[in-house]
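Coordinates in review
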Amino acid sequence: DPAPAPRDVLRFPENFGWGAATSAYQIEGAAKEDGRGESVWDTFSRTPGRTLNGDTGDVAADHYHRWPEDLDLMRDLGLHSYRFSISWPRVQADGTGKPNQRGLDFYRRMVDGLNERGIAPMATLFHWDLPQALQDAGGWENRDTALRFADYADTVFRALGDRIPVWLTVNEPKTVVQNGYLTGHHAPGKQDPDAAYLVAHHLQLAHGLAVQAFRATGEPGRIGPAINLHPCYPADDSPAAAAATRLYDGYENRLYLDPILRGSYPSDVLADLGPDSRLVRGIADGDLAVISAPVDLLAVQYYTPIYVTADGGTERRWPTSVAAWQQIYPDGFYDILTRVTRDYGPIPLTVTENGLPTIDVLAADGTVDDAARVDFLRDHLSAAHRAITAGVPLESYHVWSLLDNFEWEAGYDQRFGIVYVDYPTQRRILKRSAHWYRQVIRDNGV
Ligand code: GBH
């Protein structure tokens, strides 16, 4: 039986949802099974030089075969909610046409298994694994991909809509834009700024069309976007740094929030891109009405702040994690949560990702001591608690990630899981953070 909670626990609201998150390509493996088609991430990760050690998601955490065990583990942790993603190429191998029943059946079984265990399924429709056939037809640069996405979403809603209470449309459109089309570090590996922002528009159009399709099915659940937000701070107190920070914030945050929640693009970003940009030319009449179709909740993902210098560059202020891009700054979590509520109104929020990568060691005694993750999670949950106290309507929190997994271009070295995956045996081992998180859930607080 759980020990009684110490009196200094920061209690979360009654009914607060405690969860964990994953995504399809990062955990499933089974890349060639049951009629799954190829995605841009299969192509990208199998291209020499694109990922650390040439790692791919071909096997990953083998969740496709081990899901019953993984669901038992979630139940043992006491999770209320599990956020996962549905692989588009499992449902439509080439991204169009008749659905692949075996792909849908996998998710139906898994979702039924969650419901049987009293864990609420939260499904993301797109976590970056675009069918390669659609990429060959232009990918997200092609407006038609947004229409294909709406058709895929409709198929999934009709198959699973009666058993999934919360849906998320597109995971982190910004990361597709920035990593897929600016740095080229993610699939499809392009470096084309003009294309990048048109891609942003088509991803948001895809989101809006999926919301419309969802409403049309009449299914009872809720739906919203999953957006990674970065609080931006000036690196010094010069007016130039303040101005550069405002524009940076436009590209990091408002570009993705405003169209959905305000029905308009931020004018400073549009002005910066210019009237001849593919984004500006690509906005058709009526698009913003589609994109701003009312959503039921906003899913926020937070990892790091950004400090902007007077010349528009960035600077480090806080200790980084083993991922060079991540500075550890819990107050940034408070800042971004309160800011969203202040600027966009009291829309219900869920945190669908927040976490720390570590290079873990499985000790001889069979334990994994990820003390840094416990500190990270405690500090960030304390910040979230402060945000709730300040009036932020945050209803649930999902740690990234349930399991160690394929960390995209960084391969398998960086481990985000609260559960360790011993890849050679695929054995799951609760890290210290998993034991700690189980107690957080029991106490409903930190
Ligand atoms: C999330 O992305 C993803 O949704 C999830 O799949 C992922 O595993 C998790 O977070 C952890 O990374 O500056 O070019 O070196 C977080 C998005 C990841 C986007 C790092 C920017 C910086 C790469 N960020 N990336 S770079």
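Residues numbered from 1 in each chain as written. Predicted model: local features only at pLDDT ≥ 70, side-chain atom pairs only at ≥ 80, totals over all residues. Heavy atoms only, no water.

1. Let's talk about the packing of helix α14 (residues 330-344) against helix α15 (residues 371-389)
Heads up, the condition is: Every axis corresponds to a line fitted to the C-alpha atoms, with the helix fit spanning only the stretch in contact, and the corresponding angles, defined between N-to-C directions, vary from 0 to 180 degrees. Going along the chain from the N terminus, every DSSP run of H or I of four or more residues is numbered as a helix, and every run of E of two or more is numbered as a strand. To sort the angles, those under 35 degrees are grouped as roughly parallel, those over 145 as roughly antiparallel, those from 65 to 115 as roughly perpendicular, and the leftovers as oblique. Crossings are sorted by hand: turned counterclockwise from the far helix by less than a right angle, the near helix makes the crossing left-handed, and turned clockwise it makes it right-handed. Here a residue-residue contact requires only that any non-hydrogen atoms of the pair lie within 4.5 Å. Basically, the charged four are Asp, Glu, Lys and Arg, the nonpolar ten are Ala, Val, Leu, Ile, Met, Phe, Trp, Tyr, Cys and Pro, and anything else, Gly included, counts as polar.
Close contact between α14 and α15 brings their axes to 8 Å; oriented N to C, the two are set at 30°. Overall, the two elements α14 and α15 adopt an arrangement that is roughly parallel. As α14 runs across α15, the sense of the crossing is right-handed. For the pair formed by α14 and α15, the contact residues are P330, D331, F333, Y334, L337 and T338 on the first element and D379, H380, A383, A384, R386 and A387 on the second. Residues of the contact of α14 with α15, tallied by class, amount to seven nonpolar, two polar and three charged.

2. Quick word on the site of the ligand
Counted only if it meets this: Any residue with a heavy atom lying within 4 Å of a molecule or strand is counted as near it. In protein, a polar contact requires one atom able to donate a hydrogen and another able to accept it; more generally it is a pair of N or O atoms within 3.5 Å, and residues adjacent in sequence count only if both atoms are side-chain atoms. Surface accessibility follows the Shrake-Rupley procedure with a 1.4 Å probe radius. Residue values consider only the protein chains on display as shielding.
Taken together, 17 residues sit near the ligand, with Q26, H127, E353, E407 and W408 positioned nearest. Between an oxygen atom of the ligand and a side-chain N or O atom of W408, the distance comes to 2.8 Å. Protein burial of the ligand: of its 570 Å² of free accessible surface, 83% is covered by the chains. Across the shell around the ligand, the residue classes break down as six nonpolar, seven polar and four charged.

3. A closer look at the side chain of Q327
Basically, it comes down to this: Only protein chains enter the accessibility calculation, which uses a 1.4 Å probe. A residue is then buried if its area is under 20% of the maximum for its type, exposed if over 50%, and partly exposed in between.
Tracing the backbone shows Q327 in the loop between β9 (314-315) and α14. Relative accessible area serves as the criterion here: at 6%, Q327 is assigned to the buried category. For Q327, the side chain forms a polar contact with the main-chain nitrogen of W318, separated by 3.1 Å. Not counting the four nearest positions on each side in its chain, Q327 is found in contact with Y303, T304, P305, Y307, E315, R316, R317, W318, P319 and T320.

4. Quick look at the UniProt feature "active site" (unreviewed entry) in the chain
So the rule is basically this: UniProt positions are given in the numbering used here, feature names are shortened, and annotations may be inferred rather than shown by experiment.
Under the UniProt annotation, "active site" (unreviewed entry) lies at E172 and E353. These residues run over 182 residues, yet every pair of their C-alpha atoms falls within 10.4 Å of each other. As for its placement among the helices and strands, E172 is situated in the loop between β4 (166-171) and α8 (173-181). We classify E172 as buried; its relative accessible area is 5%. Those residues in contact with E172 that sit more than four places away from it in its chain are W128, A226, N228, Q301, Y303 and E353. At 2.7 Å, the side chain of E172 and the side chain of T175 are in polar contact. Its place among the elements puts E353 in strand β10 (residues 349-353).

5. Some words on the UniProt feature "binding site: substrate" (unreviewed entry) in the chain
Cross-referencing UniProt, the feature "binding site: substrate" (unreviewed entry) maps to Q26, H127, N171, Y303, W400, E407 and W408 in the present numbering. Mapped onto the fold, Q26 is located in helix α1 (residues 24-27). The exposure class of Q26 is buried, given its relative accessible area of 1%. Residue contacts for Q26: discarding those within four places in its chain leaves A60, H127, W400, N405, F406, E407 and W408.

6. Comments concerning the pattern of salt bridges
Going by this rule: Here, a salt bridge means any side-chain nitrogen of Lys or Arg that lies within 4 Å of a carboxyl oxygen of Asp or Glu.
Applying the stated criterion across every chain, the model contains 34 salt bridges. Close ionic contact of D154 with R158 constitutes a salt bridge, the shortest N to O distance being 3.0 Å. Note that D154 and R158 are positioned in helix α7 (residues 144-160) at a spacing of four residues, about one turn of the helix. Among the salt bridges present, the one from R378 reaches D375, with a minimum N-O distance of 3.3 Å. Of this pair, R378 and D375 both sit in helix α15, separated by three residues, roughly a single helical turn. Overall, D375 belongs to the partly exposed group, its relative accessible area being 40%. Through salt bridges with shared partners, one network takes in D360, D370, R373, D404, R415 and K431.

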